[in-house]
Amino acid sequence: LTAASGGGIVAYADSARAEEAPEPPPRKKKVVVLGTGWAGTSFLKNLDSSRYEVKVISPRNYFAFTPLLPSVTCGTVEARSVVEPIRRMFEKKGKDVAYYEAECFKIDPTKKAVHCRSAVGTNLDGNGDFMVDYDYLVVALGATVNTFNTPGVMEHCHFLKEVEDAQKIRKSVIDCFERASIPNISEEEKRKILHFVIIGGGPTGVEFAAELHDFLVEDLVKLYPAIEQFVKITIIQSGEHILNTFDQRIAVFAESKFQRDGIELSTGFRVIKVSDDSITVKCKSSGVETLVPYGMAVWSAGIGTRPVITDFMSQGKRRALATNEWLRVPECDSVYAIGDCSSISQRKIMEDISTIFKVADKDNSGTLTLKEINDVLEDICIRYPQVELYMKSMHMVDIADLIKGGVGDSNKESMVVNIEEFKKALSHVDSQVKTVPATAQVAAQQGYYLADCFNKKDHCVEHPEGPLRLTGSGEGHHNFRPFRYKHLGQFAPLGGEQAAAELPGDWVSMGHSTQWLWYSVYASR
Ligand code: FAD
Ligand code: MG
Ligand code: MG
Ligand code: MG
Ligand code: MG
C-alpha cells in the first residue's frame, strides 16, 4: 500500500478511473484471502476479481450473519436463514474465485506462502496439509473466544461465536428443562438445573439473555408448567453496568427492563472458576467469594487472538496484529489484516510534527501564518483524524482556536507561530486517538475499503502524486486516503419487542418500535 512495500498501492481515491489503467500484466497477481466472515466476504464482494488470481481459504464454506445468532439459540430464527454458502455467493456475484475448505495454521511472510490443513479430511497420503503462495495476503480470520485462562470455562461453558454454538445452546436449554422434569428431583436440584447464567454483559450476552427470557416465558413455560417457578436467568458482569459500550441512558433502560423481567444482574463480580455444577464468583469490592450453582452457562466475555495470529506476531515480535492506517502490516511485504484479528495503530501527530511544520512553512520563514496552516489543514485531518476529534471535544470552531490555546492571547488573523508554539498547541491532540471496536460494521467497512485499494492499484502506481504530503513516517507517499471508520450506530434487542438503539449524532431511541427502526437502518445498508 505504500512505497515502502515496493510497488504498493498508491492513489488518490476520487480521481481513479478504470479506463486509464494500463494493459493487464502477463501474469495476474495472486491474492490469498484467509477467512469468510464479515471482513473477508466484504473484501471479496467488492474486489474486481478479474484483475487478480483470487484464492480463499476458510474452514467454513459459508458466511454467518452474526447479529442474528442470539435469535438462533432460541429458535426465533432458523440456522439456515443466517448463513450464506460461500460458493453460491461467488457464483451469484459472477466472481472467478477459488475456494479451499481448510484452516491456515502458518503464515510464512518470507516465502510469501500460507500453510493450510484441509478441514474436510485428509488426502490419500493421510495428510491434508498443503501450501498456497501469494503476492498479496489478506488476513481476515477473526477472533476466538477469550476465557482469560479462567479454570473450567473451556470445559463447562457454552460460547456464542458460531452457528453450531447457537444450535448447541438451544439443545442444552431444552435438556435442562427435561432433566428438571425427571421424577424424584429435589427442589434445590431443580433450581440449580434451571439456573441459566450468562457471563459478560456486553451486547451479545445481553441479547442472548433477552432471547432466552422470551423463549422461557412464551414457549417453554407452557410446555413445562410444573417447573416454571424454578427458572432463573442471571447475568454476571465484572463492570458496574451492562452494555458499557453504549450510551449510559441505554444501559439504565436495559437494566430496569431486565429487573422488571426478573433477570438478575450481578454487576461488579468476576468469575474465577467454573466447575460442572457451580461457578465461583468474587465480589470486586469486598473480595468475598461465592459459589453459584447453575444448570447451563454461556461465556461471552471478550475476544482473543487465534493461535495462527499469535505465531505470526511472534515472528515479528509484535504484540498485536497491528496495521497502519491503510490496513497493511508494517515491516511485512504485501500482508494486509482486516476485521477482528487486527487493530489499526494510528500514527501520532507529535511524531511527525517537525515534518508537518516544514511542509506547511512554504516561505521558509521559520514561522507559520494562519493561512499557511489552513492550506495543509485538510491533509492533516485526513492523516491524523485525532485533530478533528480533539477540536470537537474541546468545542473549538476552527484551527485558530487550537493554535491560540498554544500561543496565548493573540489575534486570530494576524497570528504567527514558531515550531515550539506549534508543538505546544498540538501536544494534547494525540490523546484523542480512538481504537475501532471489534464489530461487523468495522470488519465490513475495512473489507470494502481494502478491495477499493486493490481495484485502483494500477492507477495508483501510474499516478503516485496526490494531496497527502504529510507522511513523515518513512512510509513514503500515501496518496490513497487512510481507512476511516464510519459509525452507523449500535442496537440492543432487550426482549419482548423492546430494544434500544444508538444512532450517530447523539440520537438514542428506546422502547417498542426501536427494533423496526434499526432493522430499517440495517436494511438500507
Ligand atoms: P469473523 O466474521 O469471525 O470471520 C472469521 C473467518 O475466518 C471465519 O470464516 C472463520 O471460519 C475463518 N477462520 C478462522 N480461523 C481460520 C484459519 N485458521 N484459517 C482460515 N480461516 C479461518 N457486530 C456488529 O457490528 N453488530 C452486531 O449486532 C453484532 N452481533 C454479534 C453477535 C454475536 C453472537 C457475535 C459472536 C458477534 C457479533 N458481532 C456484531 C461482532 C461481529 O460478528 C464480528 O466483529 C465480525 O464477525 C468480525 O468479522 P471478521 O471477518 O473479522 O471475523
Ligand atoms: Mg473474515
Ligand atoms: Mg462472520
Ligand atoms: Mg479490528
Ligand atoms: Mg512561514
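Details of the structure are given in the entry above.
Parameters at a glance
- Residues numbered from 1 in each chain as written.
- Chains lettered and ligands numbered in written order.
- Predicted model: local features only at pLDDT ≥ 70, side-chain atom pairs only at ≥ 80, totals over all residues.
- Heavy atoms only, no water.
- Donors = N, O, S within 2.8 Å, 3.2 Å for Na, K, Ca; no water.
- Buried < 20%, exposed > 50% of the residue type's maximum accessible area, 1.4 Å probe, protein only.
- Tetrahedral: all angles 85-135°; square planar, octahedral: opposite > 155°, others 65-115°.
- Helix = DSSP H or I, 4+ residues; strand = E, 2+ residues; numbered from the N terminus.
- Pairing = 2+ DSSP bridges.
- Axes fitted to C-alpha atoms, helices over the stretch in contact; angles between N-to-C directions.
- Contact = heavy atoms within 4.5 Å.
- Right-handed = clockwise from strand over helix to strand, strands pointing away.
- Salt bridge = Lys/Arg side-chain N within 4 Å of Asp/Glu carboxyl O.
- Parallel < 35°, antiparallel > 145°, perpendicular 65-115°, else oblique.
- Left-handed = near helix turned anticlockwise from the far one by under 90°.
- Nonpolar A, V, L, I, M, F, W, Y, C, P; charged D, E, K, R; others polar.

Draft legend 1. View of the coordination of the magnesium ion (ligand 4). The magnesium ion (ligand 4) binds to the protein through Gly 339 (O) and Ser 342 (O), with metal-donor distances spanning 2.3 to 2.5 Å. Using a relative accessible area of 9% as the deciding quantity, one classes Gly 339 as buried. Taking the relative accessible area as the measure of exposure, Ser 342 reaches 15% and is therefore buried.

Draft legend 2. Structural detail: the coordination of the magnesium ion (ligand 5). Every protein donor of the magnesium ion (ligand 5) is accounted for by Asp 361 (OD), Asp 363 (OD), Ser 365 (OG), Thr 367 (O), Glu 372 (OE) and Glu 372 (OE), and the metal-donor separations fall at 2.2 to 2.7 Å. Relative to the metal, the six donor atoms surrounding the magnesium ion (ligand 5) lie at angles of 50 to 154°, and the coordination shape comes out irregular. Counting along the primary sequence, the residues that act as donors to the magnesium ion (ligand 5) give the motif D-x1-D-x1-S-x1-T-x4-E. Taken together, the positions of Asp 361 in the loop between helix 10 (353-360) and strand 21 (368-369) and Glu 372 in helix 11 (residues 370-383) put the pair 11 residues apart, joining distant regions of the chain. With a relative accessible area of 6%, Asp 361 lands in the buried category. Exposure remark for Glu 372: the relative accessible area of 8% places this residue in the buried category.

Draft legend 3. Expanded view of the sheet that holds strand 14 (residues 278-283). With antiparallel pairing, the three strands of this open sheet are ordered in space as 13-14-15. Bordering the open sheet on either side are strand 13 (269-274) and strand 15 (289-293), each of which pairs with just one other strand. Taken over all neighbouring pairs, the strand axes of this sheet differ in orientation by 35° on average, direction set aside.

Draft legend 4. Looking closely at the environment of Leu 44. For Leu 44, the location among the structural elements is in helix 1 (residues 38-46). Among the residues examined, Leu 44 registers a relative accessible area of 4% and is labelled buried. The spatial distance from the C-alpha of Leu 44 to the C-alpha of Val 97 is 8.8 Å, given a sequence separation of 53 residues. Once you skip the residues sitting within four places of it in the chain, Leu 44 turns out to touch Val 33, Val 54, Val 56, Phe 90 and Lys 95.

Draft legend 5. Summary view of the pairing of strand 11 (residues 232-237). Within strand 11, five of the six residues are buried, which leaves it mostly tucked inside the rest of the structure. Pairing geometry for strand 10 (residues 195-199) and strand 11, over five bridges, is parallel. Following the sheet pairing, Ile 198 is matched in strand 11 by Ile 235. Once the chain exits strand 10 it traverses helix 7 (residues 203-223) before rejoining the sheet at strand 11, and the crossover so formed is right-handed.

Draft legend 6. Spotlight on the pattern of salt bridges. Applying the stated rule across the entire model yields 25 salt bridges. Of the charged contacts, one joins Asp 352 and Arg 347 as a salt bridge, the two residues approaching to 2.6 Å between their closest N and O atoms. Note on accessibility: Asp 352 and Arg 347 belong to one class, buried. Of the charged contacts, one joins Arg 484 and Glu 388 as a salt bridge, the two residues approaching to 3.6 Å between their closest N and O atoms. With Arg 484 in the loop between helix 16 (457-462) and strand 23 (490-495) and Glu 388 in helix 12 (residues 386-393), this residue pair connects regions lying 96 residues apart in the sequence. By relative accessible area, Arg 484 is classed as partly exposed at 43%. Judged by its relative accessible area of 39%, Glu 388 is partly exposed. One salt-bridge network, held together by shared partners, links Arg 60, Glu 162 and Glu 164.

Draft legend 7. Representation of the packing of helix 5 (residues 163-181) against helix 7. Relative orientation of the contacting elements helix 5 and helix 7 amounts to 45°, with a least axis distance of 13 Å. Between helix 5 and helix 7, the angle is such that the two are oblique. In terms of crossing hand, the pair formed by helix 5 and helix 7 is right-handed. Here Ile 169, Val 173, Ile 174 and Phe 177 of helix 5 lie close against helix 7, whose contacting residues are Phe 208, Leu 212, Phe 215, Leu 216 and Leu 220. Its residues assigned to classes, the contact of helix 5 with helix 7 shows nine nonpolar, no polar and no charged.

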